[in-house]
Amino acid sequence: MRIVFLGPPGAGKGTQAARLAEHFGVPHIATGDMLREAAGADTPLGRRVAEIMARGELVPDDLTNQLARGRIAQRDAEKGFVLDGYPRSAEQARALDRALEEIGAALDVVINFEVTEDEIVARLSGRRVCPVCKTVYHLVAHPPRVAERCDRDGTGLIQRDDDREATVRRRLEVYAARTRPLVDLYRGRGLLKEVDAMGSKEEVLGRLLTAVEA
Ligand code: AP5
């Protein structure tokens, strides 16, 4: 099962990608997570990536393409993957086509998460993350057992730098300009399924499974 998740920031892609990947026994590949790791390195490249992400802009295609291509060629992705946050531009979509061709594979389905702007703002402003194990929480929808502490390791939760209001606004603009056109691209190829991403995580997962397995 080779699945791509498209959708605006905060739509719940990462939350559902982890669940769907577990369901199908395939890796969850998130370029955002890979880039956050790269941004943590105290190197000129790491600092450049961190600065771009903090502004809510897209990291240059050549770097992202290289990361994604290397990851989907790994052995654990042979049987499939859930690709979360990639591709995000027309050039990345072309690079994904080439990378899949190299390994003799093709996408099965592209899911577009549909969610209102009010819900995006509510989800992103309430998101908290464990800086150690990366578990994602939400202050209202998925709070930790002890306020502001990770359930797994007790670490103090943090807010992602790019979840601040001004950056969220920029990320939404970048999504509309660079990534949203991919919805039509994949619709034209007959791969696109729209999924209503409003409602509880369980409701959304149910709709996703129906869409993917149909
Ligand atoms: P990335 O990390 O990919 O961020 P994103 O796509 O903007 O998506 P988010 O992680 O913000 O949201 P999500 O849809 O995964 O939602 P989540 O499940 O966490 O990218 C970050 C940056 O990296 C980019 O801006 C860019 O700079 C760079 N980058 C990444 N990929 C790139 C690429 N391919 N090319 C170039 N640059 C790239 O949910 C959000 C919150 O809502 C959570 O708190 C969660 O608990 C909660 N929630 C989830 N589902 C529900 C629900 N059903 N009900 C209530 N709350 C819910």
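Residues numbered from 1 in each chain as written. Predicted model: local features only at pLDDT ≥ 70, side-chain atom pairs only at ≥ 80, totals over all residues. Heavy atoms only, no water.

1. Points about the overall build of the protein chain
- Scanning the protein chain from terminus to terminus reveals 9 helices and 7 strands.
- Computed over its C-alpha atoms, the radius of gyration of the protein chain comes to 17 Å, within 12% of the 17 Å expected for a compact globule of 214 residues.
- Dimensions of the protein chain along its principal axes, counting C-alpha atoms only, are 45 × 45 × 35 Å.
- When the 214 residues of the protein chain are sorted by exposure, 46% land in the buried category.
- For the protein chain, the exposed surface amounts to about 11,100 Å²; the carbon and sulfur share of it is 51%.
- With 33 positive and 34 negative side-chain charges, the protein chain shows a separation of 2 Å between the mean positions of the two kinds. (Helix = DSSP H or I, 4+ residues; strand = E, 2+ residues; numbered from the N terminus. Rg over C-alpha atoms; globule rule 2.2 N^0.38 Å. Buried < 20%, exposed > 50% of the residue type's maximum accessible area, 1.4 Å probe, protein only. Areas by Shrake-Rupley, 256 points an atom, 1.4 Å probe, with all protein chains shown as cover. Lys, Arg positive; Asp, Glu negative; His and termini not counted. Charge placed at Lys NZ, Arg CZ, Asp CG, Glu CD.)

2. A closer look at the site of the ligand
- In the neighbourhood of the ligand, 34 residues make up the surrounding shell, with Thr15, Glu57, Arg88, Arg127 and Arg171 lying closest.
- Between Thr15 and the ligand, the recorded distance is 2.5 Å, taken from a side-chain N or O atom to an oxygen atom.
- Within the backbone of Glu57, one N or O atom sits 2.6 Å away from an oxygen atom of the ligand.
- Relative to its unbound accessible surface of 1,000 Å², the ligand loses 95% to contact with the protein.
- At the level of secondary structure, the elements contributing two or more residues to the shell around the ligand comprise α1 (13–24), α2 (31–39), α6 (117–125) and β6 (136–138).
- Looking at which element gives the most residues to the shell around the ligand, the answer is α2, with 4 residues. (Near = heavy atom within 4 Å. Polar contact = N/O pair within 3.5 Å; in protein donor to acceptor, adjacent residues only side chain to side chain.)

3. Describing the pattern of salt bridges
- Inspection of every chain in the model, using the stated rule, returns 23 salt bridges.
- Where Arg55 meets Glu51, a salt bridge forms, and the shortest distance between an N and an O atom there is 2.5 Å. Of this pair, Arg55 and Glu51 both sit in helix α3 (residues 44–55), 4 residues apart, which is roughly one turn of that helix.
- Taking the relative accessible area as the measure of exposure, Arg55 reaches 43% and is therefore partly exposed.
- Between Asp162 and Arg171 there is a salt bridge; the shortest N-O distance is 3.8 Å.
- You can call Asp162 buried: its relative accessible area is 9%.
- Taken together, the shared-partner salt bridges in this structure form one network comprising Arg127, Arg160, Asp162, Asp163 and Arg171. (Salt bridge = Lys/Arg side-chain N within 4 Å of Asp/Glu carboxyl O.)

4. Here we look at the packing of α2 against α3
- Where α2 contacts α3, the axes come no closer than 7 Å and their chain directions differ by 130 degrees. Between α2 and α3, the angle is such that the two are oblique. The segment α2 lies against α3, with Gly32, Leu35, Arg36, Ala38 and Ala39 engaging Gly46, Val49, Ala50 and Met53.
- Grouping the constituent residues of the contact of α2 with α3 by class yields 6 nonpolar, 2 polar and 1 charged. (Axes fitted to C-alpha atoms, helices over the stretch in contact; angles between N-to-C directions. Parallel < 35°, antiparallel > 145°, perpendicular 65-115°, else oblique. Contact = heavy atoms within 4.5 Å. Nonpolar A, V, L, I, M, F, W, Y, C, P; charged D, E, K, R; others polar.)

5. Here's the deal with the environment of Ala141
- Along the chain, Ala141 falls in the loop between β6 and α7 (165–179).
- Put simply, Ala141 and Ala18 are 123 residues apart on the chain and 17 Å apart in space, counted from C-alpha to C-alpha.

6. Examining helix α9 (residues 201–213)
- For α9, spanning 13 residues, the distance from its first C-alpha to its last is 18 Å, which sits close to the expected 18 Å at 1.5 Å a residue.
- Taken as a whole, α9 has its buried residues at Val204, Leu205, Leu208, Leu209, Ala211 and Val212. What you see down the axis of α9 is that its buried residues fit within an arc of 165 degrees, all on one side. Exposed residues pointing more than 90 degrees away from the buried face of α9 are listed as Glu202 and Thr210. (Expected span 1.5 Å × (residues − 1). Arc of directions from axis to C-beta.)

7. Overview of the environment of Val59
- When you line up the elements, Val59 lands in the loop between α3 and α4 (61–72).
- Residues Val59 and Arg48, 11 residues apart in the sequence, show an inter-C-alpha distance of 9.0 Å.
- For Val59, the contacting residues outside a window of four places in its chain are Leu35, Val49, Ile52, Met53, Thr64 and Gln92.

These figures come from the coordinates and say nothing about function on their own.
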